[in-house]
Amino acid sequence: MNPFGILIGLVTFAIIGLGFPLVIRGERYFGYWLWVYIMSIGFLIIIASLFIQNDWASVIVGVIGATFVWGSTELKEQAVRAELGWFPFNANKVKLPFADIIKKWKAPHL
Amino acid sequence: MNMAINTLGLVAAVTAFLTIWLGHVAVRKVEAEARDIRPPMFIAIALGLITEYCSLITDNLSLKTALGILGITLLWDAFEIYRQQNRVKHGHAPANPNNPRHAKILAEHPSATTLDLLKRDPIGRSVSPEEAPKLITH
């Protein structure tokens, strides 16, 4: 009867909450092409979690990675929300490296 | 130096991703179809609590982790069903005119719409409320 799973569930919930500003601010300042970077960072973080021996630390790092991967799938829709005026729209976005190439790829959306 | 692989973080990551995805899709579907949102909210809360109890009593650490995350997601999904109804009232999610509850929302909330204004790709500029419906592509 140890509450490790329940505590992990609550910590996961808190970490995913941090994904909201990541998606909102990320899209506002960089545009939805950020999805490639966010997704790549997420997978790298998840891989890093495999090498952490402490269970708590491994889980927290893994969930941070999952939040990045999930956030990458939300960026395109967030860009539309900003265009609709549901969130502040920023016309002067910082141009990311390879943005022109990434633009030609289909952004993930779940 | 012990370089054994610890898969617990991966289990948590995969569980978090899949349960959020499932909840994301299920909440929208259930809220659009339910005539009364209270029964599905109650079911989500009950399933969430049962899942957390199962996480508490199992000895397998991976299962404990996965069930713990799934349970909290289910509890949050109950609240998301309520939030989804508010999105429909604001026109941020499409109303289902065949659902009597949504038909009532459409009648009482001028901002509600049957259109899914998010169903398109970004175009890179601000869009007026008049132009937004014309851009829906699929």
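Residues numbered from 1 in each chain as written. Chains lettered and ligands numbered in written order. Predicted model: local features only at pLDDT ≥ 70, side-chain atom pairs only at ≥ 80, totals over all residues.

Overview of the overall build of chain B
Within chain B one finds four helices and zero strands. Residues classed as buried in chain B amount to 33% of the 138 residues present. When contacts within chain B are restricted to residue pairs at least 6 apart in sequence, long-range pairs at least 24 apart make up 48% of them. (Helix = DSSP H or I, 4+ residues; strand = E, 2+ residues; numbered from the N terminus. Buried ≥ 20, exposed ≤ 12 C-beta atoms within 10 Å, placed from the backbone. Contact = placed C-beta atoms within 7 Å.)

Overview of the confidence of the model for chain B
Of all residues in chain B, 98% attain a pLDDT of 70 or more, and the chain-wide mean is 95. Scored as a complex, the prediction yields pTM 0.92 and ipTM 0.93. (pLDDT = per-residue confidence, 0-100.)

Notes on unusual backbone geometry
Phi at A:Phe98 is positive, roughly 65°, even though this residue is not glycine. Within the secondary structure layout, A:Phe98 lies in the loop between helix H3 (55-83) and helix H4 (99-103).

So, the interface of chain B and chain A
The partner chain A presents 38 residues to the 37 residues of chain B that form the contact. Listed by contribution, the elements that provide at least two residues to the side of chain B that touches chain A are helix H1 (8-33), helix H2 (38-57) and helix H3 (61-90) of chain B. The biggest single contributor to the side of chain B that touches chain A is H1(B), with ten residues. Tallied by class, the residues present in the side of chain B that touches chain A amount to 22 nonpolar, eleven polar and four charged. (Nonpolar A, V, L, I, M, F, W, Y, C, P; charged D, E, K, R; others polar.)

Points about the packing of H1(B) against H3(B)
Residues and elements named next belong to chain B. Where H1 meets H3, the closest approach of the two axes is 9 Å, and the angle between their N-to-C directions is 25°. In terms of axis orientation, H1 runs roughly parallel to H3. Once H1 is placed against H3, the crossing between them reads as right-handed. Considered class by class, the residues forming the contact of H1 with H3 number 13 nonpolar, eight polar and four charged. (Axes fitted to C-alpha atoms, helices over the stretch in contact; angles between N-to-C directions. Parallel < 35°, antiparallel > 145°, perpendicular 65-115°, else oblique. Left-handed = near helix turned anticlockwise from the far one by under 90°.)

A short note on H3(B)
Taking 1.5 Å per residue, 30 residues should reach 44 Å; H3(B) reaches 43 Å between its end C-alpha atoms and fits that length. At B:Phe79, H3(B) shows its largest kink, close to 25°. (Expected span 1.5 Å × (residues − 1). Bend = angle between axes of the 7 residues up to and from the residue.)

Some words on the confidence of the model for chain A
Per-chain confidence: chain A averages 94 in pLDDT, with 100% of residues scoring 70 or above. In the model of chain A, H4(A) stands out as the element of lowest mean pLDDT, 87, in contrast to helix H2 (residues 35-49) of chain A, which has the highest, 97.

Comments concerning the nonpolar core
Formed by 48 residues in total, the largest nonpolar core has its most connected members in A:Val63, A:Ala66, A:Leu75, B:Ala12, B:Ala13 and B:Ala16. Only helix H1 (4-30), H2 and H3 of chain A together with H1 and H3 of chain B provide two or more residues apiece to this core. With 13 residues, H3(A) is the largest single contributor of residues to this core. Other than its neighbours up to four places away in sequence, B:Ala13 contacts A:Ile46, A:Ser49, A:Gly62, A:Val63, A:Gly65 and A:Ala66. Residues B:Val88, B:Ala93, B:Ala95 and B:Ala112 belong to the second largest nonpolar core, which totals five residues. (Core = buried A, V, L, I, M, F, W, Y, C linked by C-beta atoms within 7 Å.)

So, the packing of H3(A) against H1(B)
Running from N to C, H3(A) and H1(B) cross one another at 35°; their axes reach a closest spacing of 7 Å. For the pair H3(A) and H1(B), the sense of crossing is right-handed. Two secondary-structure elements touch here, H3(A) through A:Asp55, A:Ser58, A:Val59, A:Val61, A:Gly62, A:Val63, A:Gly65, A:Ala66, A:Val69 and A:Trp70 and H1(B) through B:Leu8, B:Gly9, B:Leu10, B:Ala12, B:Ala13, B:Ala16, B:Phe17 and B:Ile20. Along the lines of polarity and charge, the residues of the contact of H3(A) with H1(B) split into 13 nonpolar, four polar and one charged.

Remarks on the environment of A:Gly71
Residues and elements named next belong to chain A. Relative to the assigned elements, Gly 71 resides in helix H3. Residues Gly 71 and Ile 38 lie 33 residues apart in sequence; the distance between their C-alpha atoms is 7.3 Å. Setting aside anything within four residues of it in sequence, one finds Gly 71 in contact with Gly 19, Leu 22, Val 23 and Ile 38.

A word on the environment of A:Phe30
Residues and elements named next belong to chain A. Looking at where Phe 30 falls in the secondary structure, it is placed in helix H1. Each C-alpha atom of the pair Phe 30 and Leu 96 lies 6.7 Å from the other, and the pair is 66 residues apart in sequence. Apart from the residues within four sequence positions on either side, Phe 30 is in contact with Lys 93, Val 94 and Leu 96.

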